[in-house]
Amino acid sequence: MKIMKTRSFSFLSLTLIGGIVAVIHFLANEHFLYWEWWWLDVVMHFLGGNFIASLFAWFYISLRETIPSRAAILYAVFLVAVLWELFEFMTGMMDTTIPGYVFDTVSDTILGILGAYIFSILLFRNEEKTKTP
């Protein structure tokens with residue numbers, strides 16, 4: 001029963017955060033909001049880390065019937081963040097000649113991990129609440 005509630009929590013988080021990220025990203029691209037509001041990129045990387053953490057947790061719980069460790073969640077998000085930054089670099093989405101490129105890349109990765117860490121706190125709190133006495 002505990003695993004079912006925790007899986008439901010991670011699926012609800014996955015769906016809610018994924019929907020929010022999709023809508024904001026669509027609107028931001030459509031209306032050039034990433035260029036209007038510099039802080040939107042910060043919010044999106046944080047939410048992206050949260051989304052990837054919830055996706056990883058949901059798959060992990062579904063396949064193994066156990067809750068992943070906080071370290072496993074953070075590692076999975078770190079791996080995805082690094083792969084995303086490599087993808088941006090290789091496809092030319094990010095101009096590496098602009099000042100602050102390295103800072104932007106590092107801060108994007110840290111924000112993703114921070115989002116994952118917050119999700120993991122909520123996941124483990126939810127698990128503690130569902131434990132039967």
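Just above, that's the structure.
One structure accompanies this document, and this report is about it. Values in this document were obtained by computation on a predicted structure and should not be read as measured data.

Judged by nonpolar contacts, A53, A57, I61, I67, I73, V77, A116, F119 and L123 together constitute the single largest core of nine residues. In this structure, A116 is in contact with G49, N50, A53, I73, L74 and V77, ignoring residues within four places of it in sequence. I17, L33, L40 and L47 belong to the second largest nonpolar core, which has seven residues in total.

On to the side chain of T109. Within the secondary structure, T109 is located in helix α5 (residues 101–130). Apart from the residues within four sequence positions on either side, T109 is in contact with F78, A81 and E85.

Taken as a whole and assessed by the stated rule, the structure comprises one salt bridge. Among the salt bridges present, the one from E65 reaches R7, with a minimum N-O distance of 2.7 Å. One end of the pair, E65, is in the loop between α3 (39–64) and α4 (70–91); the other, R7, is in helix α1 (residues 2–30), and 58 residues separate them in sequence. Using a relative accessible area of 41% as the deciding quantity, one classes E65 as partly exposed.

As a further point, take the packing of aromatic side chains. Within the structure shown, the criterion is met by eight aromatic pairs. Ring geometry for W37 against W39: centres 5.6 Å apart, planes inclined by 10°, an arrangement best described as stacked. Taking the relative accessible area as the measure of exposure, W39 reaches 40% and is therefore partly exposed. The interplanar angle of 45° and the centroid separation of 5.7 Å between the aromatic rings of F56 and Y60 together place this pair among those described as tilted. In this pair, F56 and Y60 are both assigned in helix α3, four residues apart and thus about one turn of the helix distant.

So, how was this worked out
- Residues numbered from 1 in each chain as written.
- Predicted model: local features only at pLDDT ≥ 70, side-chain atom pairs only at ≥ 80, totals over all residues.
- Heavy atoms only, no water.
- Core = buried A, V, L, I, M, F, W, Y, C linked by side-chain atoms within 4.5 Å.
- Buried < 20%, exposed > 50% of the residue type's maximum accessible area, 1.4 Å probe, protein only.
- Contact = heavy atoms within 4.5 Å.
- Helix = DSSP H or I, 4+ residues; strand = E, 2+ residues; numbered from the N terminus.
- Salt bridge = Lys/Arg side-chain N within 4 Å of Asp/Glu carboxyl O.
- Phe/Tyr/Trp six-rings, centres within 6.5 Å; stacked < 30°, edge-to-face > 60°.

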